[in-house]
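# Coordinate inspection notes
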Amino acid sequence: MMPGPSALASQVTAATALLLVLLLIDGCVAGTQKVGGLDAWAVPPASRPDVYLRWGKSAHVRLGDSLMFLYPPGHDDVVQVTARAAARCSVKAPLLRLADGNSVFNLTAPGRVYYTSTLPGHCRKGQRLSLDVPAANGTYLPPSADDLAALASLAKLPPAAAPTKALPTLASLDDDESGAAPPAAGASVIAVAALCFALLVYKET
Ligand SMILES: *[C@@H]1O[C@H](CO)[C@@H](O)[C@H](O)[C@H]1NC(C)=O
Ligand SMILES: *[C@@H]1O[C@H](CO)[C@@H](O)[C@H](O)[C@H]1NC(C)=O
């Protein structure tokens with residue numbers, strides 16, 4: 001006998017909840033961090049041009065962690081670049097490029113790592129990230145001359161004008177939860193991101 005509509009609905013709800021919990025465990029406890037917290041990977045909104053700069057400074061990663069960059073496939077990409085390339089926003093010879101919209105980079109060596117987008121102008125508009133990966137014993141390597149040059153370059157924020165078509169996730173969460181309802185898939189991603197964020201905050205306090 002087939003379950004009635006309401007039984008089916010509660011099964012679907014339970015399955016969604018289970019999926020969220022699994023994603024949460026996978027995304028937070030196993031050391032995968034979503035880049036930018038609640039923000040998707042995109043040119044930072046004009047109101048927060050320093051979003052990746054701040055996130056890169058506040059995020060604590062460990063050797064063996066992974067970084068997840070989320071963006072609509074075909075609308076952006078992620079490249080890992082050297083310190084020298086990061087300092088000049090050069091994306092001609094990236095160390096690694098991923099463009100699937102759900103790009104996971106593994107932090108496999110201690111030292112500074114640099115990421116940006118190859119789309120024209122995106123790096124200079126602040127879509128660039130640096131993180132310091134500590135050695136397995138928790139100590140950080142001293143920055144090289146190239147690292148220092150790259151960090152100085154990253155700290156120069158883009159001009160805070162030019163409105164960009166950054167994704168509205170963070171703004172809509174900040175402003176008004178009753179705003180236009182996002183599609184269901186988007187809602188679960190936001191929910192997972194919010195739970196992840198809450199768990200990270202909880203772990204750090
Ligand atoms: C990251 O590590 C996972 C698990 O070991 C592996 O499946 C994946 O291919 C790695 N990603 C990259 C970009 O190397
Ligand atoms: C930690 O590990 C790094 C890299 O393996 C090593 O150079 C450093 O001496 C170690 N520091 C301590 C305090 O053990």
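Structural notes, computed from the coordinates. (Residues numbered from 1 in each chain as written. Chains lettered and ligands numbered in written order. Predicted model: local features only at pLDDT ≥ 70, side-chain atom pairs only at ≥ 80, totals over all residues. Heavy atoms only, no water.)

Around ligand 1 lies a shell formed by L96, V104 and N106. Protein contacts shield 31% of the accessible area of ligand 1, which totals 360 Å² for the unbound molecule. (Near = heavy atom within 4 Å. Areas by Shrake-Rupley, 256 points an atom, 1.4 Å probe, with all protein chains shown as cover.)

Once that is clear, we can look at the pattern of salt bridges. In total, this model carries five salt bridges according to the counting rule given. Residues D50 and R54 are paired through a salt bridge, measuring 3.8 Å at the closest nitrogen-oxygen approach. The exposure class assigned to R54 is exposed, which follows from its relative accessible area of 53%. The residue R112 makes a salt bridge to D132 at a minimum N-O spacing of 4.0 Å. Remark: D132 occurs in strand 7 (residues 128-133) and R112 occurs in strand 6 (residues 111-116); sequence separation between them is 20 residues. (Salt bridge = Lys/Arg side-chain N within 4 Å of Asp/Glu carboxyl O. Buried < 20%, exposed > 50% of the residue type's maximum accessible area, 1.4 Å probe, protein only. Helix = DSSP H or I, 4+ residues; strand = E, 2+ residues; numbered from the N terminus.)

Attention now moves to the site of ligand 2. Around ligand 2 sit A135, N137 and T139, and that is every residue in its neighbourhood. For ligand 2, an oxygen atom lies 2.4 Å from a polar atom in the side chain of N137. (Polar contact = N/O pair within 3.5 Å; in protein donor to acceptor, adjacent residues only side chain to side chain.)

The next subject is the nonpolar core. In terms of nonpolar packing, the biggest core is built from 18 residues, with V35, L67, F69, Y115, L129 and L131 touching the most fellow members. Listing elements by their share of this core, those giving two or more residues are helix 2 (51-58), strand 2 (66-70), strand 6 and strand 7. Setting aside chain neighbours within four positions, we find L129 in contact with V35, Y52, W55, G56, F69, V113, Y114, Y115 and L154. (Core = buried A, V, L, I, M, F, W, Y, C linked by side-chain atoms within 4.5 Å. Contact = heavy atoms within 4.5 Å.)

The next subject is the pairing of strand 2. For strand 2, the tally of buried residues reaches four of five residues, placing the bulk of the element in the interior. Pairing geometry for strand 1 (residues 32-34) and strand 2, over three bridges, is parallel. Its bridge partner being in strand 2, T32 is matched across the sheet by S66. (Pairing = 2+ DSSP bridges.)

Before going further, it helps to spend a moment on the sheet that holds strand 6. On the basis of which strands lie adjacent, the open sheet formed by four strands has the order 4-3-6-7 and antiparallel pairing. Edge positions in the sheet fall to strand 4 (96-98) and strand 7, since each has one partner strand and no second. When strand polarity is set aside, the average angle formed by the axes of neighbouring strands in this sheet is 20 degrees. Pairing of strand 3 (residues 78-81) with strand 6 involves three bridges; the strand directions are antiparallel. Within strand 6, the position partnered with Q80 by the bridge is Y115. (Axes fitted to C-alpha atoms, helices over the stretch in contact; angles between N-to-C directions.)

Attention now goes to the state of the cysteines. Inspection of the entire model under this criterion finds one disulfide. Here C89 engages in a disulfide with C123; their sulfurs sit 2.0 Å apart. The disulfide joining C89 to C123 has a torsion of about -75 degrees about its S-S bond and is therefore left-handed. Of this pair, C89 sits in the loop between helix 3 (83-88) and strand 4 while C123 is found in the loop between strand 6 and strand 7, placing the two residues 34 residues apart along the sequence. Summarising the burial analysis for this pair, C89 and C123 share the class buried. (Disulfide = S-S within 2.5 Å.)

Three or more residues of helix 4 (residues 145-155) are buried, namely D147, A150, S153 and L154. Summarising the axial view, the buried residues of helix 4 lie within an arc of 125 degrees, below the 170-degree limit, and thus occupy one face. More than 90 degrees from the buried face of helix 4, the exposed residues found are A145 and L148. (Arc of directions from axis to C-beta.)

Sheet architecture is open: three strands sit in the order 1-2-5, paired in mixed fashion. The open sheet has two free edges, formed respectively by strand 1 and strand 5 (102-106), since each of these has just one partner strand. The mean inter-strand angle of the sheet, taken between neighbouring strand axes irrespective of direction, is 25 degrees. Pairing of strand 2 with strand 5 involves five bridges; the strand directions are antiparallel. Across the sheet, F69 pairs through a bridge with S103, a residue of strand 5.

What is shown is where atoms sit, not what they do.
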